[in-house]
Each structure stands twice: as structure tokens, then as C-alpha cells.
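# Examination of the molecular architecture
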Number of protein chains: 2
Amino acid sequence: MPPRTRIHAVILAGGAGERFWPASRRRHPKPLLRVLGDRSLLEATALRARGFSDDLWLVCGSEHAAPMRRALGLPAARVLVEPSRRNTAMAVGLAATRIAAEDPDAIVAVLPADHHISDSRAFARDMRRAARAARDAGVLVTLGVSPTRPDTGYGYIQSGTAAGPRYPGLRKVRRFVEKPDAARARRYVRSGGYLWNAGIFVWTAATILEEIRTHMPGLHRALAPVRAAGRRPTRAALARAYARAPSAPIDTGVMEKSRRVWTLPVTWGWSDVGTWQALAEEAGVGPGASRALRGDLVHDDRGGNLVWGQAGKPIALIGVEGLAVVDTGDALLVTRLEDSDTLRDVVRALKQAGLDDLT
Amino acid sequence: MPPRTRIHAVILAGGAGERFWPASRRRHPKPLLRVLGDRSLLEATALRARGFSDDLWLVCGSEHAAPMRRALGLPAARVLVEPSRRNTAMAVGLAATRIAAEDPDAIVAVLPADHHISDSRAFARDMRRAARAARDAGVLVTLGVSPTRPDTGYGYIQSGTAAGPRYPGLRKVRRFVEKPDAARARRYVRSGGYLWNAGIFVWTAATILEEIRTHMPGLHRALAPVRAAGRRPTRAALARAYARAPSAPIDTGVMEKSRRVWTLPVTWGWSDVGTWQALAEEAGVGPGASRALRGDLVHDDRGGNLVWGQAGKPIALIGVEGLAVVDTGDALLVTRLEDSDTLRDVVRALKQAGLDDLT
């Protein structure tokens, strides 16, 4: 990729992860969970990022900065600590501003900290391809995952014409579609022209900052203290910036408005591991097949269940299928996998009911 | 009931209670559980027995003798400790032999330690009525519960002709039927001539010992060391007796063979609380209505679930109904209530698999 341009990988780890209760908690959020295998989702994300980047950055909340930084072995200067939660547009703007101060030609890849990707090598190859397009064409690239089922939990991207022979695989984006209903989701999957919006982005720092200035002027203004701080954004500068920052996702704030958005359709397995059901799929739970990610499943006559138990505590399931059984020692969840997307509402209700220490 | 005859109430607490795992364990069997209300099933049984008897006896295994005796406040002489488990015929024979040594005219009421009865006053009235018949007609009386559903988990009694005007309510027994299949159970309930065999018996010590001698001569012979020991059956005498005793229920050993068996049909609510499903019914679990007997059920959108949790540990149920969720801290069971009668097999399989310390 001459001329040499560094890809900075920004890991966004500021989410609440309410849909993974009770395994995920405010103090121990989803990116820190070892859900599949020996690595936490955060560690696996960083490992994947190192496949195409030597410059890792982490954006996270102050309560998680220490354990997350420790987990990744990052220098303090590479950890951008958000004083409050302002959704992804602000996190993206903060990272791009900070990186531009160090490397004005930087390419920035944005990676959610809690996704699961099956093929790290193919992923790195696609990220490099997206990076070339982002640099050479000055576009915002969003990775689009070929949908394998009419999922109503994801946003969709309608892809348009090919970006041209210089950018193999890349396509223009016709439009973004928010989470559709089941009938529309089925139509999208059948049509073949729609992709899942995975929330993985590649752009240059210069391009995204320009687009923020155009489409989110309030956010641009809020970032002024960070711009002024250059390579050393103090806690006070961040506090001033966050006090004024709007709370919006980068998707609705910029991507849906920008005229220069491309997508790179990818075919490797991807999941946002956003629900117990999604995790069950990744873990290989299916009809008749259960999986205990931890704990000691001593009996399960039907199968098709996901178990997340306690070490040394036997679990017996009788006559049940399609359930997630999650025992964290201090809380217990039993949910039908199909209904596990309502968990977020349950956790919010618990918070509202004053059961804040459970969440 | 002149002439004055004492009713001795014998509480049988030697069962394994495998169908209540993981709440019931070898060290903490079902009679010691506080399943409904503040009293253990054993304590509730004793309280009911005191409604018609001043002479309580307890038959139990050696590992439970101390806590059970403590729970009931019985003198040591009233606790008959079985050196090994030999089913109910031996327990009944032991108790009758011991009681006869003290009170040759004794009437003996046999009460399982782990049943639930809704109306203690009506129960005591019926026990006295059965006792009169047992004494005056020299019969074995078994209480028959009017079936409220075609349960396939109970044995049935086909009742015959009325016992006569001197014994209001009592009927002769035509035959005993072992647990029927669903079709036969429905026929029995429809016919009106069948009763559940509750395992609650009344007889004189003399009558039951005679019938044991006739129908279970091996058991009669095994009881010889106990007979010889009179009012002080030593541990050695019991050991000799139990070493020779056959293992059989009193139902098949004597009741099904004897020609002098009557039944007293009763109408109060009765349950052997033999499964999580049976407990759920007693606890008022029904369509849409859940019940947490312990623990903190913070969310349950469908209802119809029975929860047995841990104090201070929140439990959330999403999209599930008709389940029992039992968390004892050191083990976890999730079972469809309808399938909870298979739990016994599960626990046996655990034992066979060498997971003996779980049971």
C-alpha cells in the first residue's frame, strides 16, 4: 500500500452490554467476558487488530480503563478515557482528533470491542483493502456482512454500484436501513442486495473529521478542547468536550447523511454476540445440541440449551430446550433464547426499580 | 371412643426423597425441608398427629435421627432408628412390634413424614373414625383420597361395598391398582369408584402383626430379635433384624394380599408433594401465576413457574412457563414441571456416574 500510511485501529469499548446480564455487569462489561475460548472479546478484538495495525487505541469509560488497559498492555497515551457515555459519534470524533494530532495522514479503523469474527486472516485482508480505498478515494468505508438469516436485530445496508476497477470488491452505499421487521428482513435477505451493518468502519482521520464538521457541527464544536490539546488531551479538556457533546451513534449522525460512503461486502462469519441467542449460535447450540460455556452440566435430556454456570456447581436440565441458563453466583437468568433480545428492557426495568446494584 | 384405646402415631421418615433434588439431599432429606410455610414437612406432620394422638413415634435412618428428633422434641425411646433402609413393611413391622411391647391394645396410625394435608382438623376427625373401625372390626384401614385429576403417579384403590352402619364412611377395598397409565387413570377418575392410595394407614398393632405373620412370614421371622427385646430394642437387636429383613412396601407385602382391608374415603386436600410439579400445585402455581417459595424473583413475564432460589440472589425468567427453577447454591435444576417425575431417574444416574456427593 505505498505510499506508506499507518492504519490506526480504534477499539470502542464504551458500551453497556445490558443484553448479557447477568454475566455482564457495569463493573465487568461484555468486552471483558471470556465468552468463547480463553480470550475476552476485547483481547480477541485487539489480537485481530494487530493483524493489520501496529497502532492500537482504546476508547472506554473511566471505570473500565484500568482493567481494559491491563488486558491489552497498552501505554496510557493510547487509552482515551471517556468521562461520560456519549455513544459512538463522540468516541469516533475523539479518537480521530487525537490520532490526527499525531499522524495527520492516519487511516483509522473503528472496531467494536465485543464482536466475534471467525476468520482473522480474511478480516485483516479486508481491512487493508478498505484502508486503501479510504485513503485513495477519500471515502467512509463500512464493512457489510452477507446476511445468513433475516435477523431483525441488525441494521441493513443497501449496496449500490461497484466502486470501480481500482477498488475491487468495494461498492457504493445506496442507503442505510434501521432494524427492519421480519417481513422486510426476509425480503432484504432474498434480494441479495442488502448487507448487515456491522459497525466496523475504515476512513482517514481527515475524512471523518470533515464529515463530522459537515453533518454534526455540534459535535465538531464540542471537540474544540480536544483539538486544542493536541497530543496531550487532559482530563479537563475531555470533561469540557464531553459536557457539550451530543449523544448519537456515528451511523445516524454521519453515515446515513454522508454522500461518500462505500461498503466492502465481506463473507467471513461475524456476530455482534449481542444476545444470549447470538452467543448460542456462535457456540454451536442447535436442535438437540447443548453447550456449557462454563459450569458442570450433568444432565440435559432435550438439548439445544446454552449453559453459563459456576465452576463445581452441577446443573441439571430436564425437559427443556432452547433456553439460556446463566448462573453468575449472585444472580440467575433463565431465558428462552428466542426472547433473549428483551433482556435489555428487563435490565433497564431493574435499574428503574432501584435494583441498581444488580446491573 | 370408649373403652379408652391409645392411638400411637408412627411417622415414617426413612425415604430417600430423590424427586426433590437438589433441595433434598441425603444429609437434608425432604421431611426436613420447609417447602410450604415456616414448618418442615416433618414438623407439620407431627403437629397434625398431635391432633389425635399423644403418643408419637418416629422411624428414620441413623444419619437423620439427631436432627429429626430435635425437630420434634421426642424422647430417645420414641425414635426407632433403622440401621439400613428396608422400605415401609419393615418400618411398619418394627414400629408395631415395639409399640405392642408397651401397649398391647395399641391402635397404630402410620403417617408418611413428607405429605401435605390441607385440613388438619378434618384429618384428625377421620383418623379417629378409622381408629374406631380398626379397633372394633379388627381391620386394616387405608385412607383413600378422592382423586381430583387422572394422576399417573399414584396408586389407586378400588372401593367396594359399605362397611356397614357401625362404621359410617368406611368401605371395603375391592383391590389395589399400581400406578396406571393415563387412559386408565382417566377411567378411574370418571368412574368415581377409585381413590388415591395415600399411604396413610390405621390398624391395631395386633392386627398388622398378625397379617405380617400371614403374608410376610420372612418379615415376621426377621422381627424376632425386636420382639425378644421388648421395650428396649438395642442397636444390636435392630441390626440382626434388619440384616434378615426383606425390602418391600407394606402395600404390596400386606395390603394387596390381606382379606381384611377397608378404606375411609376422605375429601380434604392431600398431596404427597412427591415432585416439583406436585409442590407447584400445592403452592398455587398455575397458568400465568408463578410462585417463589424462596429467593428473589425480580422478573417473570410469562408466569406459571415455581422458583426455589437463594436469599438475596435475584432470579429473572424470560419467555418461560411451566418450569421449576431450583437453585440451592451448590446445585441448579431447571425442569419442566410436567417432566419433574423423571428427576428420580436423573438422581440415580448421577449416583451411578459416581457423582454421589451431589445427591
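The structure reproduced in this document is the subject of the present report. (Residues numbered from 1 in each chain as written. Chains lettered and ligands numbered in written order. Predicted model: local features only at pLDDT ≥ 70, side-chain atom pairs only at ≥ 80, totals over all residues. Heavy atoms only, no water.)

### Quick look at the overall build of chain A
- Secondary structure summary: chain A contains 12 helices and 17 strands in total.
- Taking 2.2 N^0.38 as the reference for a compact globule, 359 residues should give roughly 21 Å; the C-alpha atoms of chain A span a radius of gyration of 21 Å, in line with that estimate.
- In terms of overall dimensions, chain A has C-alpha extents of about 60 × 50 × 35 Å along its principal axes.
- Sorting the 359 residues of chain A into buried and exposed places 55% on the buried side.
- For chain A, long-range pairs separated by at least 24 residues make up 67% of all intrachain contacts whose partners lie at least 6 apart in sequence.
- Working note: accessible area of chain A is about 15,000 Å², and carbon and sulfur atoms make up 46% of it.
- Taking the 53 positively charged and 36 negatively charged side chains of chain A as two groups, their mean positions are separated by 8 Å. (Helix = DSSP H or I, 4+ residues; strand = E, 2+ residues; numbered from the N terminus. Rg over C-alpha atoms; globule rule 2.2 N^0.38 Å. Buried < 20%, exposed > 50% of the residue type's maximum accessible area, 1.4 Å probe, protein only. Contact = heavy atoms within 4.5 Å. Areas by Shrake-Rupley, 256 points an atom, 1.4 Å probe, with all protein chains shown as cover. Lys, Arg positive; Asp, Glu negative; His and termini not counted. Charge placed at Lys NZ, Arg CZ, Asp CG, Glu CD.)

### Brief notes about the interface of chain B and chain A
- If you look at the interface, chain B gives 30 residues, while chain A gives 30 residues.
- Taken together, both faces of the contact between chain B and chain A bury some 2,400 Å²; the carbon and sulfur share is 69%.
- Considering only the surface of chain B that becomes buried against chain A, Ile318(B), Leu332(B) and Val334(B) emerge as the three largest contributors, covering 27% of it.
- One can count 4 salt bridges joining chain B with chain A.
- Where Arg302(A) meets Asp339(B), a salt bridge forms, and the shortest distance between an N and an O atom there is 3.8 Å.
- Viewed at the interface, chain A and chain B are joined by 14 residue pairs in polar contact (both at pLDDT 80 or more).
- Broken down by secondary-structure element, the contributors of at least two residues to the side of chain B that touches chain A are strand 13 (296-300), strand 15 (314-318), strand 16 (323-327), strand 17 (332-336) and helix 12 (343-352) of chain B.
- Relative to strand 17 of chain B, strand 15 (residues 314-318) of chain A runs parallel, the two sharing 4 bridges. When the sheet's bridge partners are listed, Ala316(A) is paired in strand 17 of chain B with Leu333(B). (Buried area = accessible area lost by both parts, 1.4 Å probe. Salt bridge = Lys/Arg side-chain N within 4 Å of Asp/Glu carboxyl O. Polar contact = N/O pair within 3.5 Å; in protein donor to acceptor, adjacent residues only side chain to side chain. Pairing = 2+ DSSP bridges.)

### Section: the environment of Gly312(A)
- Structurally, Gly312(A) can be placed in the loop between strand 14 (306-308) and strand 15.
- Separated by 17 residues in sequence, Gly312(A) and Gly295(A) place their C-alpha atoms 6.5 Å apart.

### As for the packing of aromatic side chains
Residues and elements named next belong to chain A.
- According to the stated counting rule, one finds 22 aromatic pairs over all chains in the structure shown.
- On the numbers, 4.9 Å between centres and 55° between planes, the contact of Tyr154 with Trp270 is tilted. With Tyr154 in the loop between strand 6 (140-145) and strand 7 (156-162) and Trp270 in strand 11 (residues 270-271), this pair connects stretches of sequence that are 116 residues apart. For the pair formed by Tyr154 and Trp270, the shared burial category is buried. (Phe/Tyr/Trp six-rings, centres within 6.5 Å; stacked < 30°, edge-to-face > 60°.)

### Quick look at the pattern of salt bridges
Residue and element names in this part refer to chain A.
- Taken as a whole, this structure holds 42 salt bridges over all chains when the rule is applied.
- The shortest N-O distance in the salt bridge between Asp136 and Arg166 comes to 3.9 Å. Highlighted residues: Asp136 in helix 4 (residues 120-137) and Arg166 in the loop between strand 7 and strand 8 (171-177), separated in sequence by 30 residues.
- By relative accessible area, Asp136 is classed as partly exposed at 36%.

### Observations regarding the side chain of Lys30(B)
Residues and elements named next belong to chain B.
- Residue placement: Lys30 occurs in the loop between strand 1 (7-12) and helix 1 (41-49).
- Lys30 sits in the buried class, given a relative accessible area of 5%.
- A distance of 2.8 Å separates a polar atom in the side chain of Lys30 from the backbone oxygen of Val273.

### With respect to the relation of the copies chain B and chain A
- In the superposition of chain B on chain A (RMSD 0.1 Å, axial shift 0.1 Å), the rotation amounts to 180°. One copy is carried onto the other by what is essentially a two-fold rotation axis. Relative to the rotation axis, the closest C-alpha in chain B is found at Gly329(B), a distance of 3.9 Å. (Least-squares fit on C-alpha atoms with pLDDT ≥ 70 in both.)

### Some thoughts on the sheet that holds strand 14 (residues 306-308) of chain B
- Overall, mixed pairing links the 6 strands, which are arranged 13(A)-15(A)-17(B)-16(B)-14(B)-12(B) in an open sheet. Looking along the sheet, the strands with just one partner apiece sit at the ends: strand 13 (296-300) of chain A together with strand 12 (291-294) of chain B. On average, each strand axis in the sheet is tilted by 10° relative to the strand beside it, whichever way the strands run.
- Note that strand 16 of chain B and strand 17 of chain B share 5 bridges and pair antiparallel. Counterpart to Asp327(B) in the pairing with strand 17 of chain B is Leu332(B). (Axes fitted to C-alpha atoms, helices over the stretch in contact; angles between N-to-C directions.)

### Section: the packing of helix 1 (residues 41-49) of chain A against helix 2 (residues 62-72) of chain A
Residues and elements named next belong to chain A.
- Look at helix 1 against helix 2: their axes get within 9 Å of each other, and the N-to-C directions meet at 45°. In this view, helix 1 runs oblique relative to helix 2, as classed from their interaxial angle. Remark: the crossing between helix 1 and helix 2 carries right-handed chirality. On helix 2, the residues that touch Leu42, Glu43 and Ala46 of helix 1 are Met68, Ala71 and Leu72. (Parallel < 35°, antiparallel > 145°, perpendicular 65-115°, else oblique. Left-handed = near helix turned anticlockwise from the far one by under 90°.)

### Description of the packing of helix 3 (residues 87-102) of chain B against helix 9 (residues 235-244) of chain B
Residues and elements named next belong to chain B.
- Where helix 3 meets helix 9, the closest approach of the two axes is 11 Å, and the angle between their N-to-C directions is 145°. Every pair of crossing elements has a handedness; the one defined by helix 3 and helix 9 is right-handed. Every residue of helix 9 that contacts helix 3 at Met90, Ala91 and Leu94 is listed here: Leu238, Ala241 and Tyr242.
- Across the contact of helix 3 with helix 9, the residue classes break down as 6 nonpolar, no polar and no charged. (Nonpolar A, V, L, I, M, F, W, Y, C, P; charged D, E, K, R; others polar.)

### Here we look at the sheet that holds strand 16 (residues 323-327) of chain A
- Taken in spatial order, the 6 strands of this open sheet run 12(A)-14(A)-16(A)-17(A)-15(B)-13(B), and their pairing is mixed. Each edge of the open sheet is held by one strand with a lone partner, namely strand 12 (291-294) of chain A together with strand 13 of chain B. Strand-to-strand twist across the sheet, computed as the mean angle between neighbouring axes with direction ignored, equals 10°.

### Description of the pairing of strand 1 (residues 7-12) of chain A
Residues and elements named next belong to chain A.
- Counting buried positions along strand 1 yields 6 of 6 residues, so the element is predominantly enclosed.
- Burial along strand 1 is two-sided: the face carrying Ile7, Ala9 and Ile11 and the face carrying His8, Val10 and Leu12 are both buried.
- Strand direction decides the pairing type here: strand 1 and strand 4 (residues 107-112), joined by 6 bridges, are parallel. Bridging across to strand 4, Ile7 finds its partner in Ile107.
- The pairing of strand 1 with strand 2 (residues 55-61) spans 5 bridges and is parallel. Along strand 2, the bridge assignment pairs Leu12 with Val59.

### Describing the environment of Val110(A)
Residue and element names in this part refer to chain A.
- Along the polypeptide, Val110 turns up in strand 4.
- Taking relative accessible area as the criterion, Val110 reaches 2% and is therefore assigned buried.
- Counting along the chain gives 182 residues from Val110 to Ala292, while the straight-line C-alpha distance between them is 32 Å.
- Filtering out sequence-adjacent residues up to four positions away, Val110 remains in contact with Val10, Leu12, Val92, Gly199, Ile200, Phe201 and Trp203.

None of the figures reported here should be taken as evidence of function without further support.
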